[in-house]
Amino acid sequence: MEDALLGKLDDMVREKGYPNRSEAIRDLVRRNIVDDEWSDTTGEIIGVLVIVFDHHRRELSSRLLKKEHHWEGNILSTLHLHLDHDNCLEVKVIRGKAGMVKDFADEMISMKGIKYGRLVRATAGGAL
Ligand code: NI
């Protein structure tokens, strides 16, 4: 692990009060596994996808749009904020089969030029 990342891990250990790095890493791994497991559930879910990107990045905006138009799930709503001269924040509320929503979010988040991306699952009972 590079020094910068290790430094951030140590900050996290301190701030959240973990007894040591191992416990923090265990927690992160567990959380990641839970994040992946929900995509196996059948039935429809609502997802909230947050992405931050530089709209100057060549053709990124149109690549994002194209992907949205071709997706078979439902994009219920999109909120677009121009954060500053370069950066845009988008929040998309999407509905579809759990696996589809996860795949769509993964494809959006992994696009070149996306600076930050996160998918949150929402149910009537709150976030899963
Ligand atoms: Ni914008």
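Everything discussed here concerns the structure shown above.
One structure accompanies this document, and this report is about it. Remember, predicted model here, so these are calculated numbers, not experimental data.

### Overview of the packing of helix H3 (residues 60-70) against helix H4 (residues 98-109)
Here is step 1: Where H3 contacts H4, the two axes come as close as 11 Å, and the packing angle between them is 170 degrees. By the angle between their axes, H3 is roughly antiparallel relative to H4. Where H3 crosses over H4, the handedness of that crossing is right-handed. Taking contact as the criterion, the partners of Leu64, Lys67 and Glu68 in H3 are, on H4, Phe104, Glu107 and Met108.
Here is step 2: Classifying every residue of the contact of H3 with H4 gives three nonpolar, no polar and three charged.

### Digging into the coordination of the nickel ion
Here is step 1: Within the protein, His80 (NE2), His82 (ND1) and Cys88 (SG) serve as the donor atoms for the nickel ion, at 2.0 to 2.3 Å.
Here is step 2: Here the donor residues for the nickel ion map to a single chain with the spacing H-x1-H-x5-C.

### Topic: the nonpolar core
Here is step 1: Membership of the largest hydrophobic core comes to 17 residues, with the highest contact counts inside it found for Leu49, Phe53, Leu64, Ile94 and Ile114.
Here is step 2: Contributions of two or more residues to this core are made by strand E1 (44-54), H3, strand E3 (87-97), H4 and strand E4 (114-123).
Here is step 3: In terms of residue count, the dominant contributor to this core is H4 (five residues).
Here is step 4: Contacts of Phe53, omitting those with residues within four sequence positions, involve Leu60, Ser61, Leu64, His80, Asp86, Asn87, Cys88, Glu90, Gly113, Ile114 and Lys115.
Here is step 5: Leu9, Met12, Val13 and Ala24 belong to the second-largest nonpolar core, a separate cluster that totals five residues.

### A closer look at the pairing of strand E2 (residues 74-82)
Here is step 1: In this sheet, E3 lies alongside E2 in antiparallel orientation, the contact comprising eight bridges. Along E3, the bridge assignment pairs Leu79 with Val91.
Here is step 2: Remark: four residues form the turn of the hairpin made by E2 and E3, two consecutive strands paired antiparallel.

### Things to note about the pattern of salt bridges
Here is step 1: For the structure on display, the rule yields eight salt bridges.
Here is step 2: Between Glu68 and Lys92 there is a salt bridge, with its nearest N and O atoms 2.7 Å apart. Here Lys92 lies in strand E3 and Glu68 lies in helix H3, a separation of 24 residues in the sequence. Residue Glu68 shares its accessibility class with Lys92, and that shared class is buried.
Here is step 3: Through salt bridges with shared partners, one network takes in Glu68, Glu90 and Lys92.

The rules behind each value
- Residues numbered from 1 in each chain as written.
- Predicted model: local features only at pLDDT ≥ 70, side-chain atom pairs only at ≥ 80, totals over all residues.
- Heavy atoms only, no water.
- Axes fitted to C-alpha atoms, helices over the stretch in contact; angles between N-to-C directions.
- Helix = DSSP H or I, 4+ residues; strand = E, 2+ residues; numbered from the N terminus.
- Parallel < 35°, antiparallel > 145°, perpendicular 65-115°, else oblique.
- Left-handed = near helix turned anticlockwise from the far one by under 90°.
- Contact = heavy atoms within 4.5 Å.
- Nonpolar A, V, L, I, M, F, W, Y, C, P; charged D, E, K, R; others polar.
- Donors = N, O, S within 2.8 Å, 3.2 Å for Na, K, Ca; no water.
- Core = buried A, V, L, I, M, F, W, Y, C linked by side-chain atoms within 4.5 Å.
- Buried < 20%, exposed > 50% of the residue type's maximum accessible area, 1.4 Å probe, protein only.
- Pairing = 2+ DSSP bridges.
- Salt bridge = Lys/Arg side-chain N within 4 Å of Asp/Glu carboxyl O.

The quantities given are spatial measurements derived from coordinates; they are silent on function.
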